[in-house]
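Below, each chain spelled out in residue letters.
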Amino acid sequence: MLIDCGMFQGGREFEEENAEPFGFEPASIDTVLLTHAHLDHCGRLPLLVKRGFRGEIVATAPTRELARLVMLDAAHLQEEEARHRARWAARRGREREAIGPLYSILDALNTQDAFGRTAAYGEALQIAPGIRATFLDAGHILGSASVFLELEERGQRRRVLFSGDLGNAGRPLLRSPARPPRCDAVVLETTYGDRLHKPLAPSVEELYQALADTFERGGNAIIPTFALERAQELLFFLRSGVENRRLSRSIQVFLDSPMAISATAIFERHPAYYEAHVAELFREGRDPFQLPGLHFTRETGESMAINRIVGGAVIMAGSGMCTGGRVRHHLKHNLARGHCSVIFVGYAAQGTLARQIIDGAKSVRIFGEEIAVRARVHTINGFSAHADQAELLAWRAQAEAPVTFLVHGDERAMQAFAKRLSGTRVEMPTLNQRFEL
């Protein structure tokens, strides 16, 4: 049984790690329990299938739909990148050095056939003799889950809890993470294990102010946007800003991400997963993601036309870490213009273009060209979809686990978090390390 099968993200060394052997035989896996649809949790499922997995993938209904979108997008980007590398190699007579995609669109489509049972929050599923799995609301993105396993073998019983990615409590769209049950061992993410988030309300106000300042200078605001959750949350706040007159009704917003546009349609199909007041909006026929002046740009030509706008536009485009997608084109056209702004509202891993800009680079390389960074850079941390250190500590304390495995975080964050833990044995596993439960 496998919990998630994600893709490493960041620099070139991570790309190479994605192609490495899994550390186990894919054909030996009977079941994948998928916590949610972010690329770093589902991104290598097509590679698993390509290399021989023939078992069942279990996920919630929204995760199933969103994961399809994410995997197809990843396959498309990989095929594009492979074609680019092949052309580069051909021009230099080095065809043998060209590297193919990690997996193809066909592999991503074949992966859909592996999705089997749909998990509902709080309902135990019999995965195999002696193994029951219960998906609990993780409050991270639509359909995200923690996975609680009840295991029995040769008369011994163990209760093991995998956190998945835990959400930041008190956000407007999704419910806060469910209270975890008591367990013998917890496997806990530590993305923000070393810091606390800013409160949400001041962060929203900071967003409105950053937009107002940008428009006053006559520039555009580029917001690198994760297609799942962050894009929809930003649309929610922009709509609220217009309704509350914090933003002008004439504001022009471009959601320039085919994936985010499709994800928004999926979000609209699952109102039961939201906080009560948001679900009520849906029941009243009021879409919380729609606002005047909102433009969905799916076609490449439409995206290119945005770059003729010199000021007054909010351009939301993927990817959130600027590692690919259309945002790089918009950065190329706006980053060197001092009256524009780049507004980061999400996590940026080490080695990514987003992190370079956030860390104060004077210039960055985009599409082989050195681009000066003259635009005003804003980093607003309160929008995080991840639990912060205090929330992670509180959640783990509720689980009362004698053993805590820390995963999914930079080493610095893990070490800082480990120092705050008490009353539990702490393990920080290395790749392919085994533990006897």
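Since this is a predicted model, take the numbers as computed values, not measurements. (Residues numbered from 1 in each chain as written. Predicted model: local features only at pLDDT ≥ 70, side-chain atom pairs only at ≥ 80, totals over all residues. Heavy atoms only, no water.)

*Asks:* Describe the sheet that holds strand 13 (residues 313–317), naming the residues involved and giving the relevant values.
*Replies:* Working definition: the strands of a sheet are paired by backbone hydrogen bonds and lie parallel or antiparallel to each other. Read across the open sheet, the six strands follow the order 12-11-13-10-14-17; overall the sheet is parallel. Two strands close off the open sheet at either side, each with one partner strand: strand 12 (294–296) and strand 17 (376–379). Across the sheet, the mean angle separating the axes of adjacent strands is 20° when strand polarity is ignored. When strand 14 (residues 341–344) meets strand 17, the two strands line up parallel, connected through four bridges. Each residue of the ladder has a partner; that of Phe344, found in strand 17, is Thr379. Sitting on the sheet, helix 6 (residues 200–217) is in contact with strand 10 (221–224), strand 13, strand 14 and strand 17, with an inclination near 170° to strand 14. (Pairing = 2+ DSSP bridges. Helix = DSSP H or I, 4+ residues; strand = E, 2+ residues; numbered from the N terminus. Axes fitted to C-alpha atoms, helices over the stretch in contact; angles between N-to-C directions. Contact = heavy atoms within 4.5 Å.)

*Asks:* So, the layout of surface pockets: which residues are in play, and what are the values?
*Replies:* Roughly 190 Å³ of volume is contained in the second largest pocket. Tyr192, Arg195, Leu196, His197, Gly346, Tyr347, Ala348, Arg355, Ile358, Asp359, Thr379 and Asn381 together form the lining of the second largest pocket. Within the lining of the second largest pocket, the residues separate by chemical class into five nonpolar, four polar and three charged. (1 Å grid on protein atoms, 1.4 Å probe; cavity = no way out; pocket = protein on both sides within 12 Å on 5 of 7 lines; lining within 4 Å. Points joined across faces, edges and corners; volume = space filled by probe spheres on them. Nonpolar A, V, L, I, M, F, W, Y, C, P; charged D, E, K, R; others polar.)

*Asks:* Quick rundown of the sheet that holds strand 4 (residues 115–119)? Include the residues and the values.
*Replies:* With respect to topology, four strands assemble into an open sheet ordered 1-2-3-4, the strand pairing being parallel. Every other strand in the sheet has two partners, leaving strand 1 (2–3) and strand 4 as the edge strands with one partner each. With three bridges joining them, strand 2 (residues 31–33) and strand 3 (residues 56–60) adopt parallel strand pairing. When the sheet's bridge partners are listed, Thr31 is paired in strand 3 with Glu56.

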